[in-house]
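Residue strings, one per chain:
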Amino acid sequence: KQVMPYIMLRHNTLNGLRDGIREAALLGRAWGMSDEWLFSAVLSAAFYFSGMESLNVVEDAIGDLL
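Residues numbered from 1 in each chain as written. Predicted model: local features only at pLDDT ≥ 70, side-chain atom pairs only at ≥ 80, totals over all residues. Heavy atoms only, no water.

Draft legend 1. Summary view of the overall build of the protein. The helix and strand inventory of the protein stands at four helices and zero strands. Scanning the protein from its N terminus toward the C terminus, one meets helices and strands in the order α-α-α-α. Whereas a compact globule of 66 residues would reach a radius of gyration of roughly 11 Å, the protein reaches 10 Å, a difference of no more than 12%. Its C-alpha atoms give the protein principal-axis dimensions of about 30 × 20 × 15 Å. Within the protein, the proportion of its 66 residues that are buried is 35%. Within the protein, contacts between residues separated by at least 24 positions form 70% of all contacts whose residues are at least 6 apart in sequence. Of the roughly 4,000 Å² that the protein leaves accessible, carbon and sulfur atoms contribute 58%. (Helix = DSSP H or I, 4+ residues; strand = E, 2+ residues; numbered from the N terminus. Rg over C-alpha atoms; globule rule 2.2 N^0.38 Å. Buried < 20%, exposed > 50% of the residue type's maximum accessible area, 1.4 Å probe, protein only. Contact = heavy atoms within 4.5 Å. Areas by Shrake-Rupley, 256 points an atom, 1.4 Å probe, with all protein chains shown as cover.)

Set out below in structure tokens:
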């Protein structure tokens, strides 16, 4: 059940979609994802694929949740 929000977080981080990142994080939280898994999804997507500057979009989207 938690795999889908994880994949959504990675996908939206790769594409820089703020609303998608927030929606995936909220869905993941509702389905029991820990902060460590939320961080894992966005950090691995940013580090390996989209570049660390994409974390600015993540900060804007879910900075208040973490």
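Draft legend 2. Local environment of the side chain of Thr13. Structurally, Thr13 is set in helix α1 (residues 3–15). In this view, Thr13 contacts Ile21, Val42, Ala45, Ala46, Ser50, Ser54 and Val58; residues no more than four positions away in its chain are not counted.

Draft legend 3. Structural detail: the environment of Leu27. Positionally, Leu27 belongs in helix α2 (residues 18–30). Taking the C-alpha atoms as reference points, Leu27 and His11, separated by 16 residues in sequence, lie 14 Å from one another. Apart from the residues within four sequence positions on either side, Leu27 is in contact with Pro5 and Met8.

Draft legend 4. Up close: α2. With 13 residues, α2 extends 18 Å between its outermost C-alpha atoms, agreeing within 8% with the 18 Å of an ideal straight helix rising 1.5 Å per residue. Taken residue by residue, α2 has Gly20, Ile21, Ala24, Ala25 and Gly28 as its buried positions. Considered in projection along α2, the buried side chains sweep an arc of 130 degrees and stay on one side of the axis. Along α2, exposed side chains directed more than 90 degrees from the buried face belong to Asp19 and Ala30. Considering only its buried residues, α2 is in contact with α1, α3 (35–50) and α4 (55–62). Downstream of α2 by one or two residues, Gly32 has phi in the positive range, about 95 degrees. (Expected span 1.5 Å × (residues − 1). Arc of directions from axis to C-beta.)

Draft legend 5. A look at α3. With 16 residues, α3 ought to run about 22 Å at 1.5 Å a step, and its terminal C-alpha atoms sit 21 Å apart, in line with that. The first or second residue beyond α3 is Gly51, which carries a positive phi of 95 degrees.

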